[in-house]
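Reading the structure
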Amino acid sequence: MGLLTIGTFAKASRLSPKALRLYDELGLLTPARVDPVTGYRLYAPEQLDQARLVAWLRRLGMPLARIQQVCALEAGPAAEEIRVFWAQVEADTAARRDLATFLIDHLSWKDPDMAPTAKPLGIRYAALSDTGLVRESNQDTAYAGSRLLAVADGFGGQGAPASAAAIDALKHLETDSIPAGSLLNVLDDAIEQAKQAVHGVSGADSSSDEAGTTLTAMLWTGSQLALVHIGDSRVYLLRDGELFQITHDHTMVQSMVDEGRLTPEEAASHPQRSLLIRALGHGADGTPDMRLHDAQQGDRYLLCSDGLSTVVPTEEIHRVISETREPEQAVRELIALANGSGGPDNVSCVVADVTEFQQ
């Protein structure tokens, strides 16, 4: 078979002539020959496979620059690159889905005080932070109040004041009156204030550009807990005897698990498992995950730094959270478990129980 005209090639490849001209200009799909008199582009039949691959990748939404990289690879590596790309798309979609869910829940929420049969709920809480057995200082900060629960894990030369500053920036939420329709904006403003507070700490010392912190906090609204999460501290929910991790670690290793490049078992012992891809600090991506949780009487929430979650097996965390009655006793036992396993890192825990409000 001879060379194909651009019209014939376009029909066979399911790409428009306009797209083919663009891909020629970008060097993505160069014609086999250009007629020197007419300027018509002519394509070889063996170019159809690549053209069809380009068409399919465009339908996936892959950027042209990345398509160019994929087309330069052998079949196996090309398939791997497509798989990694799609994992990233799904992660981005999940983040947008969480925000959409937050907005839907927030905008459709009904004030429980308007329902005469609703039981008023409150929280009982305790917070504790410990240096551990290896570190010389404690860069964690833990806080629990009647409305705000928070854990921050600082890093760098000014990690301790960075974590403290991030949580201090949220403490006004304990007393501020939050209009029913303003929760999302209030949380967004609070995160921005926390970012500025952390920048102020690290900016005060030119040697501490790497200083920053994670921040995981929950705001009690009376029947819901609004979650903001940046980094690799975690929130667990114990409900009806089952323990659920309701945050997603913002680490390089977790992103590799999401993309299928590591198994969870490999991630647990990976030497870079603490390398963050989101945090509060200079140059860091401080975009928070945000969601709302409808509280139920009997729920128990655990917020903890990675000094607990990377050292103590989940089954042991579940056992303590399930069997220990008082929040204060629970945080002490969890920290004792971390230190009993060598205490290699600072460890912070906040435990909060949702209970019927006692007037």
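Residues numbered from 1 in each chain as written. Predicted model: local features only at pLDDT ≥ 70, side-chain atom pairs only at ≥ 80, totals over all residues. Heavy atoms only, no water.

A short note on the packing of aromatic side chains
In this structure the tally under the stated criterion is 1 aromatic pair. A centroid spacing of 4.3 Å and a plane angle of 10° characterise the contact between Phe9 and Tyr43, whose relative ring orientation is stacked. On the criterion of sequence distance, the pair formed by Phe9 in helix 1 (residues 6–13) and Tyr43 in strand 3 (residues 41–43) is long-range, its members being 34 residues apart. Since its relative accessible area comes to 0%, Tyr43 is described here as buried. (Phe/Tyr/Trp six-rings, centres within 6.5 Å; stacked < 30°, edge-to-face > 60°. Helix = DSSP H or I, 4+ residues; strand = E, 2+ residues; numbered from the N terminus. Buried < 20%, exposed > 50% of the residue type's maximum accessible area, 1.4 Å probe, protein only.)

Overview of the sheet that holds strand 2 (residues 33–34)
The sheet built from 3 strands is open, its strands ordered 1-3-2 with antiparallel pairing. Both edges of this open sheet fall to strand 1 (4–5) and strand 2, since each of them pairs with a single strand only. Across 2 bridges, the pairing between strand 1 and strand 3 is antiparallel. By the bridge assignment, Thr5 is partnered in strand 3 with Leu42. (Pairing = 2+ DSSP bridges.)

Here we look at the side chain of Asp153
Mapping Asp153 onto the fold places it in strand 6 (residues 148–155). Buried within the structure, Asp153 lacks any salt-bridge partner; its nearest side chain of opposite charge belongs to Arg135, at an N-O separation of 6.4 Å. Setting aside residues no more than four positions away along its own chain, Asp153 makes contact with Gln139, Asp140, Ser163, Gly212, Thr213, Thr214, Ser233, Ser305 and Asp306. (Lys, Arg positive; Asp, Glu negative; His and termini not counted. Salt bridge = Lys/Arg side-chain N within 4 Å of Asp/Glu carboxyl O. Contact = heavy atoms within 4.5 Å.)

Thoughts on the packing of helix 1 against helix 2 (residues 17–25)
Between helix 1 and helix 2, the shortest axis-to-axis distance is 9 Å and the interhelical angle comes to 100°. Classified by the angle between their axes, helix 1 and helix 2 sit roughly perpendicular to one another. Residues Ile6, Phe9 and Ala10 of helix 1 form the contact with helix 2, whose own contacting residues are Pro17, Leu20 and Arg21. Considered class by class, the residues forming the contact of helix 1 with helix 2 number 5 nonpolar, no polar and 1 charged. (Axes fitted to C-alpha atoms, helices over the stretch in contact; angles between N-to-C directions. Parallel < 35°, antiparallel > 145°, perpendicular 65-115°, else oblique. Nonpolar A, V, L, I, M, F, W, Y, C, P; charged D, E, K, R; others polar.)

Section: unusual backbone geometry
Its identity is not glycine, yet Arg14 carries a phi of approximately 65°, on the positive side. Residue position: Arg14 is located in the loop between helix 1 and helix 2. In this structure, Asp240 is a non-glycine residue whose phi angle is positive, near 50°. Given the relative accessible area of 74%, Asp240 is considered exposed.

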